[in-house]
Amino acid sequence: MQIIQSGEILGARVEGLDLSQPVSPAEFVELEQALGRYGVLSYPKQVLTSLQLKQFAERFGQLEINVANAYQEPGLPEVMILSNKVGPDGKPLGLSDAGQDWHTDMSYSKMVAFTNILYGLEIPHRNGEPLGNTEFVSMHAAYDDLSEAMKQRLEGKTITHDFAKFWDMMRAKPGSARGPLTPAQRAAKPPVSHPAVMVHPITGKKVLYANPGYSMRINELPEAESDEVLAFLFTHQLQAKFQYKHRWQVGDVLMWDNLGTLHNAVPDYRPDEPRYIKRCQVMATRYFDLAAA
Ligand code: OGA
Ligand code: MN
């Protein structure tokens, strides 16, 4: 196994590892360290069953089953389908608009997400260039680059995150298939609070834990001041200098660290340009204890 750094702010490629086979304990430690350090890992040219994808993913922690979601692999609810494809019966084969703006997965949940593991089976291309790239920003770099005054201001602060924020934003986009959240769905995902600055469990360094998709309010500040600081942080953290882009190829397994990055799925392909991806969501259960929260 070889881990090759992208040389950019995030990203490394893992060569010589067949993910259909069990990863050894020593390899696992290396991968976990690399994920913390590089934020985004890609494993090219994989050939995996859904069960093998799930088995690799669950090495990293407890898998989330999205109960509201219809797009699950039959018999394997931990494996979800992201796709713009439609079956012969006219029904969508997958969630078609996943992650199409900057966000951090499950920051709205008490137990936050650690990593997402995606397996690209169909990737749209135009003029030889991949479409539907996934973009990332580094929250290690974004935190380090804050002024001392802003670091002080954020110290000890907590932020409210709300599932409904991203949902309603996606729903407001033209052509969205999302309906309004039902009162039951809203009640199932009440807003939660997390520290604005976290010590990353792998790197031991501070990261900014805020994102435009779900972050609503810095709880300890008056509303107007919270709005002003959040607006600043959202602009700050998305700067081009913190960005990295994964250009998909068929057979890529892509995993990212949700504690140290934000991501955005670029919706630059048409309905007749198929994209089909299998996905597992790993929670941060190996690092955080809910009982202690
Ligand atoms: C996700 C997501 C990005 C993509 O799976 O959480 O945001 O490029 N997907 O599909
Ligand atoms: Mn996402």
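The shown structure was predicted, so the numbers you read here are calculated from the model rather than taken from an experiment.

About the cut-offs
- Residues numbered from 1 in each chain as written.
- Chains lettered and ligands numbered in written order.
- Predicted model: local features only at pLDDT ≥ 70, side-chain atom pairs only at ≥ 80, totals over all residues.
- Heavy atoms only, no water.
- Helix = DSSP H or I, 4+ residues; strand = E, 2+ residues; numbered from the N terminus.
- Buried < 20%, exposed > 50% of the residue type's maximum accessible area, 1.4 Å probe, protein only.
- Lys, Arg positive; Asp, Glu negative; His and termini not counted.
- Salt bridge = Lys/Arg side-chain N within 4 Å of Asp/Glu carboxyl O.
- Polar contact = N/O pair within 3.5 Å; in protein donor to acceptor, adjacent residues only side chain to side chain.
- Contact = heavy atoms within 4.5 Å.
- Phe/Tyr/Trp six-rings, centres within 6.5 Å; stacked < 30°, edge-to-face > 60°.
- Near = heavy atom within 4 Å.
- Areas by Shrake-Rupley, 256 points an atom, 1.4 Å probe, with all protein chains shown as cover.
- Nonpolar A, V, L, I, M, F, W, Y, C, P; charged D, E, K, R; others polar.

Undergrad: Outline the side chain of K157, supporting the account with residue identities and numerical values.
TA: Relative to the elements of secondary structure, K157 occurs in the loop between α4 (148-154) and β10 (158-161). No salt bridge forms around the buried K157; measuring N to O, its nearest opposite-charge neighbour E220 is 6.1 Å away. There is a polar contact of 2.9 Å between the side chain of K157 and the backbone oxygen of R153. For K157, the residues in contact, after removing those within four places along its chain, are H194, P195, A196, I218, E220 and L221.

Undergrad: Please give an account of the packing of aromatic side chains that cites residues and values.
TA: One pass over the full model with this rule turns up nine aromatic pairs. Ring plane angle 80 degrees and centroid distance 5.5 Å describe the contact between Y43 and F56, whose orientation is recorded as edge-to-face. Placement of Y43 in strand β3 (residues 40-43) and of F56 in helix α2 (residues 50-57) is noted, with a sequence separation of 13 residues between them. With relative accessibility at 0%, the residue Y43 sits in the buried group.

Undergrad: Lay out the site of ligand 1 in plain terms, naming residues and giving numbers.
TA: Around ligand 1, the neighbouring residues are L82, G99, H103, D105, N116, L118, T134, W256, H263, A265, R275 and R279. Take N116: an N or O atom from its side chain is 3.2 Å from an oxygen atom of ligand 1. A distance of 2.6 Å separates an oxygen atom of ligand 1 from a polar atom in the side chain of R279. Protein chains bury 98% of the 290 Å² of accessible surface belonging to ligand 1 in isolation. Elements represented by at least two residues in the shell around ligand 1 include exactly β6 (113-122) and β17 (261-265). Here the residues of the shell around ligand 1 are counted per class, giving four nonpolar, five polar and three charged.

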